[in-house]
Amino acid sequence: MSLEEVCNYLTFFINGEKVIEHNAEPEWTLLWYLRNKRGLTGSKLGCGEGGCGACTVMVSDYDHRLSKVIHRAINACLAPICSMDGFHIITVEGIGNTKQGIHPIQERIAEFYGSQCGFCTPGIVMSLYGTLNNIEAPTEKDIEDSFDGNLCRCTGYRPILDAAKTFACNTTKKSECEGQQERCSNDILISTTDDKLKPYQNEQNKKCPTLEFPPLLFHFKPQYLHIRGMIRKRESVEWYRPVTLTELLKLKHLYPTSKLILGNSEIQIETKFKNFHYPIMVGITHIDELNAINRDDDGMILGAAVTLTRLKEHLEQWMQQVEPYQRAICHAILNQLKYFASQQIRNVACLGGNIVNASPISDLNPVLQACGAQLKLQKHGRDETRFVSVCDFFLSYRKVDIQPEEVLVSIHIPFTSKDEYIHSYKQARRRDDDIGIVSAGFRVKVSKVNVQVNGYEPEMRWSVEEAHLSLGGMAPITVMARKTEQFLKGQIWSKETMKKAIKYLLEELPLTELTPGGQPEYRRTLVTSFWFKFYLYVCKQLRKYYPEQSEATVEQVPSSHYSATKHYQRKISHGQQEHQLKPHTNKVVGSSVLHRSAYLQVTGEAKYTDDMPMLPGCLYSALVLSTQAHAKIIEIDKTQAEHVPGFVGYFGHQDVPGNNETGDIVHDEEVFVSSIVECVGQIIGICVADTESHAQQAAKLIAIKYENLFPQIFTIDQAIEHNKYLGSERYLEMGNLEQGMQESDHIIESQFYMGGQEHFYLETNCCLAVPLEEEEMQLWSSTQNPSKTQDLTAQALGIPSNKVVCHVKRMGGGFGGKETRTIPPCIAVAVAAFKLQRPIRLNIERDYDMAITGQRHAFKGAYKVGFTSKGMLKAMELHLYANAGWSHDLSFPVLERALFHCDNTYNFKNMKVYGRLCKTNLPSMTAFRGFGGPQGLMTCEIVIDHIAKYLKLEPSLIRRQNMYREGDMTHFKQNLTSWHIPEMWDELIVSSEYEQRLEQVRQFNVEHRYRKRGISIIPTKFGIAFTAKFLNQAGALIHIYKDGSILLTHGGTEMGQGLHTKMIQICSELLGVDISLVRISETSTDKVPNTSPTAASAASDLNGMAIKIACQQLNERLEPIRRESPDFTWFQLISKAYYERINLSAQGFYATPNVGGDILNNRAHFNYFTQGCGCSEVEIDTLTGDSHVIRTDILMDLGNSINPYIDIGQIEGAFVQGLGLMTMEELIWGDEQHKWLKPGYLFTRGPGTYKIPSFNDVPIDFRVSLFKNAPNPLAIFSSKAVGEPPLFLSSSVFFAIKQACESYRQENGIQEFLKLNSPATSERIRMACSDEFTKETVGEKHAEFQAQGSF
Ligand SMILES: Cc1cc2nc3c(=O)[nH]c(=O)nc-3n(C[C@H](O)[C@H](O)[C@H](O)COP(=O)(O)OP(=O)(O)OC[C@H]3O[C@@H](n4cnc5c(N)ncnc54)[C@H](O)[C@@H]3O)c2cc1C
Ligand code: FES
Ligand code: FES
């Protein structure tokens, strides 16, 4: 090839603007390029692994074969910049902004309250933009499905879905029959999803406005591309993009070790997280043979580079065109594609990549093996083509039968023939965007035979001619169950054969507790369950194809058993919100003012810490972390790190100018470890370099020698065994426990474990430290706790606090995770910046953030409870143990809150509750929304549930009859006033139609053998106040400028919860000005000092009161002019006041009276209790453990809400976060139950392994009401705090699931109480559904089996 034919630069367009890039590095991702080279910071880095969607952009190119422009939403964090040649890249900035006008998608998401912290929002906007550009007339279903690659941790998704559905083409029809107008009567506003869609239904032009495709690109002719990288001269990376198969084969011949790249979805993970280095990369996107899709009578021939999206489109077409029996293979592949990764990944990832990647848990490979697909491999030279069966392709873990010079050209997939049946299965932790735990492809070919039945005349039956059983997730490769296949040949298709085959399957698919991935019993049970489902599926198909003969030839199966073959089909979700209108006396407080940053967030203009522009001379840093769980540091060698280009320095404990000891309450931590590490991930030092990647590279090269120390303790039970606790026992007592027990008719004892939870704020920890003159240090940090950051930094630097200023503009979510654990990394950066006297920034990426910054505490509750035969509570003794990790952090207040909440809403009369903090070699566990409350509440509800099951009574009856009454005293000696729970409960029982639905659930369960439903209703009370009395204080500073504009600053931080919006409402209400005049710039310790963390749900109460006090002062000062000139406008008033030399700046300070916890004296006093009730109905698949929420109703008492839609957003968001806690979010640590992991390591350190609820998990029918006519005299504008309390109502889902499992167990004759630990993951649900299959995998004691967990 001549040099002229080779192009060595990239041509693409970004937001309509042409870019010719001569200096691209093949290692750069599109996201890095956009953010760092083009300053387009709207696209966010949430995970870097394609799992959160925060980086979503849309790319378009002209397809000459189809003569049309193809648009697709993709993950910019996975796409190599070199793959963008010839594309038009559209980012969130390109479609609209607040200056020139925003796009309808941005407008609707903002105006439907679909953006809280806003960090996920640009990605969500762009996903929808991609869908609307791709689908001519999208239905509501298309739109709901389009978000499978996006996560949001704040909103609970409902408002985003409502906003998105306004673009659907089928809303009109639906609403005509079902919708109602937004209703407003008696000051009550009810609004449903359909109501919200109404104004958009008749829009003539629903089409989403699109940025024009650059005309130049219509004529873009892809050329052979060769980009030579310059980053590391010794290890430079090269990118080739051949455009013909001949060129590709030649390249492969020349560079056999080169890496072929298509979607890069696997390779990016390898290079970023596994440190693989590929010096030569070959993009294979533009080769005709690899993109070809053909079909003949026998099957389909798919080019290896065909993307999964194209594959899906073709399969859907072919489903309509081929013979009915041929469709089975299309259906089996489509079934796997439905939940394969996400839209963004499927748009770029190819079938060939999935095959060659050879993941043992691939979703598609089992189907390809089962159907007998063939691979065509080719290499340079004549006749160098080889065909290999997929069944023989996988050799060992990630090793395949492909030679270095070979290229996978195409895949031949045969159609199913007559009397041949194929089906695929997958079970994952979460349905959307999750790799399977086990996946399977089963195919049988059957034929009719005559058999002698019980010695009578021969009868016709179906016999197995061929069987092909392939499984993923059961071995280091996708495996065929050869022995089982052999056994099946010639067998009659019957339940007996199915059962016998199970024995073979289990024999040839052994797993042990050391098998990577764990869950041996569950995985083996899934295999048997899938096989059983397949047995029924084939029976059903035979009945379908041979209806007249089926009675005689196919085994009789009760109709209720066919529920096993039912697939999850999600209905379109729907929401309803109900609240009172604002009091007539208010102007803005009580109205649903939009989040003040909503428009900035939807357009990507909102700046987060990592979006701040680079300062001159600014350096980057990366933390050096402990790799051992408990060890002594013997030596630190930085020699290799010093050779990294751009390396500036390494700093450790000797470099701390002030005090190396640190910690939030107890100073039991070190800024940098000096000698003993107590967990994996402790900060030992920090590396500073000219670029982020150099700093990260250097940090990895700091060589540390350790001497391991023992014991190494990871779990609560190990800590109890070794008597390893932090501090002393905490204890609360009420009444006379012994007497209560004696008066009880029954006493039961048991224990319950609840796992921790990762915050998974979308924005990870970030900070920037800027040293100034006279030892001053300015910090910008993503923290909920600026004052503590200031204090502890000053102590570490050995300077007074007046030299440190901490600024917080906004956070991309916090949830308690940024209350204290943001501080240690921030101090580390400040120390380095102080030493070097240069600005330094640190962005802790998702995997490190999850591994080192602590989570919600796992708890164990051991209880003994006494009660009467009618279920009246008499006495409870409870021992709570929290897994605190290695240091105190906030663990004591967390434990205390658990103890204060372990009565939930019930009068136990006599109680003794004890709490202990277990010291383990895990990162320090910390605050998380609810702050120990959910763990205490959950244990209490487990106790209530146990009593109900013991007495065989409805749990709702036990709950209702034991509820506290007005004036009752709690076990911490607080009298309950304004107690609404009984009334709210009764109201929700009626409005949720609980009784009728309970009956319907029972009926459903009778009719469905393998799918069960459950319904549960749960109350909650949550005490509002910091239990540490001194924290119940707040300050505010208001400046009114001469032009009448107002700058408000208060002590709270904005993390999406709408605090600033509410504070602006309060300020404008009290000063009597329009809200547009009031602005909050940031939270900063030089404006309001000594602030408490934004936590405990108390920020609105505290800061709102401080603002009120400041406003009162200003109003008093302005009063004389107002009296004198009552007709003055605000501007005239302020102007006059200025000239009259009136002080237009005021500071307010508030301390909540009569609050605080005093556990040592057995008492606490909260300001008041936020109360609520929630009812949920669920359905489970008893054979796989899959579950979904059918409907949730919540009734929440928020007094007079300051901003109803923001508050409802908090309720929905908290509920869905709680849903994760209760059902799918599982932290897996290297501990005694997970011996396949390195001790103390967190396995679940990214969205790939740790699953938070996705769009698909929202209750299908989600109704939220605010309790009416209950003003709260104890807080600002009679409101109530909302942030944490609703989270616990998600336990209604847990108990509904438990009930569904119990229904199945009862059918199987199991009466004993089901001990179900939390979260109720698919694994726990399946294993709780004890049946003939669990008996095969677990043994006789299967009904007592407990799945593993890190507690
Ligand atoms: C967030 C996320 C979710 C995922 N979810 C799933 C899931 O649900 N199920 C699942 O099975 N997988 C999943 N994966 C894995 C991955 O997306 C798939 O394996 C995908 O099909 C890989 O295709 P790709 O084009 O991105 O491959 P690439 O990353 O570009 O390449 C993968 C490998 O294949 C090789 N290769 C590609 N084409 C050829 C060829 N023609 N000849 C020879 N070698 C070739 C490459 O050299 C490389 O080794 C997920 C990955 C991510 C990041
Ligand atoms: S940052 Fe790209 S998907 Fe998370
Ligand atoms: S608004 Fe979605 S993550 Fe915060």
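The structure presented is a predicted model; accordingly, all values stated were derived computationally and were not measured. (Residues numbered from 1 in each chain as written. Chains lettered and ligands numbered in written order. Predicted model: local features only at pLDDT ≥ 70, side-chain atom pairs only at ≥ 80, totals over all residues. Heavy atoms only, no water.)

1. Regarding helix H14 (residues 327-338)
Put simply, the rule is: Comment: elements are numbered from the N terminus, with helices defined as DSSP H or I runs of at least four residues and strands as E runs of at least two. Each helix should span, by expectation, one fewer than its residue count multiplied by 1.5 Å. Each residue is assigned to one of three classes by its accessible area relative to the maximum for its type, calculated with a 1.4 Å probe on protein chains only: buried under 20%, partly exposed between the two thresholds, exposed over 50%.
In this model, H14 (twelve residues) spans 16 Å end to end at C-alpha, consistent with the 16 Å of a helix rising 1.5 Å per residue. By the burial criterion, the buried members of H14 are Ala328, Ile329, Cys330, Ala332, Ile333, Leu334, Asn335, Gln336 and Leu337.

2. Here's the deal with the nonpolar core
Threshold: What is meant by a nonpolar core is a set of buried Ala, Val, Leu, Ile, Met, Phe, Trp, Tyr and Cys residues, joined one to another through side-chain atoms within 4.5 Å. Contacts are residue-level and defined by heavy atoms, with any inter-residue pair within 4.5 Å sufficient.
With 287 residues, the main nonpolar core has Trp493 and Trp531 as its most contacted residues. It is helix H21 (residues 520-545) that provides the largest number of residues to this core, a total of 13 residues. The contacts of tryptophan 493, once residues within four sequence positions are left out, are Val444, Trp462, Val464, Trp531, Phe534, Tyr535, Val538, Cys539 and Leu542. Ala1034, Ala1036, Ala1106 and Ile1107 belong to the second-largest nonpolar core, a separate cluster that totals 44 residues.

3. Quick look at the site of ligand 1
What counts, and what does not: Nearness is defined per residue: one heavy atom within 4 Å of the molecule or strand is enough. Under the rule applied, a polar contact is a pair of N or O atoms within 3.5 Å (in protein, one hydrogen donor and one hydrogen acceptor; residues adjacent in sequence only if both atoms are side-chain atoms). Values of accessible area rely on a 1.4 Å probe in the Shrake-Rupley scheme; residue burial ignores everything except the protein chains shown. Residue polarity follows a fixed list, in which Ala, Val, Leu, Ile, Met, Phe, Trp, Tyr, Cys and Pro are nonpolar, Asp, Glu, Lys and Arg are charged, and the others, Gly among them, are polar.
Neighbouring residues of ligand 1: 31 residues in total, closest Leu260, Gly263, Ser265, Glu266 and Asp363. Between ligand 1 and asparagine 264 there is a distance of 2.9 Å, counted from an oxygen atom to a backbone nitrogen or oxygen. A distance of 2.9 Å separates an oxygen atom of ligand 1 from a polar atom in the side chain of asparagine 354. Coverage of ligand 1 by the protein amounts to 94% of the 990 Å² it exposes when considered alone. Those elements that place two or more of their residues in the shell around ligand 1 are strand S11 (259-261), helix H16 (351-357) and strand S19 (407-414). Broken down by element, the shell around ligand 1 gets its largest block of residues, four residues, from H16. Across the shell around ligand 1, the residue classes tally to 16 nonpolar, eight polar and seven charged.

4. Focus: empty space enclosed by the protein
Selection criterion: Within this scheme a cavity is a closed region of a 1 Å grid, computed over the protein atoms alone, that accommodates a 1.4 Å probe without allowing it to escape, whereas a pocket is open but has protein on both sides within 12 Å along at least five of seven lines; lining residues each have an atom within 4 Å of a point. Grid points are joined across faces, edges and corners, and a volume is the space filled by probe spheres set on the points.
The full count for this structure, using the stated rule, is 17 cavities of 30 Å³ or more. In this model, the largest cavity occupies a volume close to 420 Å³. Surrounding the largest cavity, 28 residues form its lining, Met1055, Gln1057, Ser1097, Gln1210 and Gly1283 being those nearest its centre. Approximately 210 Å³ is the volume found for the second largest cavity.

5. A short note on helix H29 (residues 823-836)
In this model, H29 (14 residues) spans 20 Å end to end at C-alpha, consistent with the 20 Å of a helix rising 1.5 Å per residue. Within H29, twelve of the 14 residues are buried, which leaves it mostly tucked inside the rest of the structure. Turning to H29, its buried residues number three or more, namely Ile823, Pro824, Pro825, Cys826, Ile827, Ala828, Val829, Ala830, Val831, Ala832, Ala833 and Phe834.

6. Regarding the UniProt feature "binding site: Mo-molybdopterin" (unreviewed entry) in the protein
Note the following rule: UniProt positions are given in the numbering used here, feature names are shortened, and annotations may be inferred rather than shown by experiment.
The residues that UniProt annotates with the feature "binding site: Mo-molybdopterin" (unreviewed entry) are Gln784, Phe815, Arg929 and Ala1096. Judged by maximum C-alpha separation, these annotated positions cover 313 residues in sequence but sit close together in space, the widest gap being only 12.4 Å. Annotated residues from the preceding list that form part of the lining of the largest cavity: these are Gln784, Phe815, Arg929 and Ala1096. If you trace the backbone, glutamine 784 turns up in the loop between strand S36 (777-781) and helix H28 (786-797). Residue glutamine 784 is classed as buried on the basis of its relative accessible area, which comes to 2%. Those residues in contact with glutamine 784 that sit more than four places away from it in its chain are Met811, Gly814, Phe815, Gly816, Gly817, Lys818, Glu819, Thr1053, Met1055, Pro1093 and Thr1094.

7. Describing the side chain of threonine 553
Tracing the chain through its elements places threonine 553 in helix H22 (residues 547-553). Look at threonine 553 and you get buried, because its relative accessible area is 4%. Among the polar contacts listed, one links the side chain of threonine 553 to the side chain of tryptophan 462, at a separation of 3.4 Å. Contacts of threonine 553, omitting those with residues within four sequence positions, involve Met460, Arg461 and Trp462.

8. Some details on the UniProt feature "binding site: substrate" (unreviewed entry) in the protein
Under the feature "binding site: substrate" (unreviewed entry), the UniProt entry names Glu819, Arg897, Phe931 and Thr1027. Of the residues named above, Glu819 and Phe931 line the largest cavity. Mapping glutamate 819 onto the fold places it in the loop between strand S37 (804-808) and H29. Exposure remark for glutamate 819: the relative accessible area of 5% places this residue in the buried category. Apart from residues no more than four positions distant in its own chain, glutamate 819 is found in contact with Gln784, Asn785, Leu890, Ala927, Phe931, Pro1093 and Ala1095. Counting through the fold element by element, arginine 897 comes out in helix H31 (residues 891-900). In contact with arginine 897, other than residues within four places in its own chain, are Gly930, Phe931, Gly932, Gly933, Phe1022, Gly1023, Ala1025, Thr1027 and Phe1166.

9. Observations concerning the environment of aspartate 1231
You can see aspartate 1231 is positioned in the loop between helix H39 (1204-1223) and strand S52 (1261-1266). When the C-alpha atoms of aspartate 1231 and glycine 735 are compared, they prove to be 40 Å apart, with 496 residues separating the residues in sequence. Leave out the neighbours within four places in its chain, and aspartate 1231 touches Phe714, Thr715, Gly1349 and Ser1350. Polar contacts involving the side chain of aspartate 1231 include one to the side chain of serine 1350, which spans 2.7 Å.

10. Some words on the pairing of strand S51 (residues 1187-1197)
Applicable threshold: A strand pair is defined by DSSP finding two or more bridges across the two strands. Crossover handedness is defined by viewing with both strands directed away from the observer: a clockwise path from the first strand over the helix to the second marks the crossover as right-handed.
Taking burial as the measure, the eleven residues of S51 include ten buried ones, the bulk of the element. The pairing of strand S50 (residues 1168-1181) with S51 spans ten bridges and is antiparallel. Pairing of glycine 1174 across the sheet is with isoleucine 1194, part of S51. The turn linking S50 back onto S51 is made up of five residues, and glycine 1185 within it adopts a positive phi angle of 90°. As a crossover connection, the stretch from S51 through H39 into S52 is right-handed.

11. A short note on the packing of aromatic side chains
Counted only if it meets this: We call Phe, Tyr and Trp rings a pair once their centres come within 6.5 Å, taking the six-membered ring for Trp, and we label the pair stacked below 30 degrees between planes, edge-to-face above 60, and tilted otherwise. Two thresholds decide whether a charge sits over a ring: the Lys NZ or Arg CZ must be within 6 Å of the ring centre and within 35 degrees of the ring normal.
All told, the structure shown has 44 aromatic pairs when counted by the stated rule. Geometrically, the ring pair formed by tryptophan 1236 and phenylalanine 1243 is edge-to-face, given 5.0 Å between the ring centres and 80° between the ring planes. The exposure class assigned to tryptophan 1236 is buried, which follows from its relative accessible area of 16%. Judged by its relative accessible area of 28%, phenylalanine 1243 falls in the partly exposed class. The side chain of arginine 810 reaches across the aromatic face of tyrosine 608, ending 5.7 Å from its centre. Its end group placed over the ring of tyrosine 725, arginine 916 keeps NZ or CZ at 4.0 Å from the ring centre.

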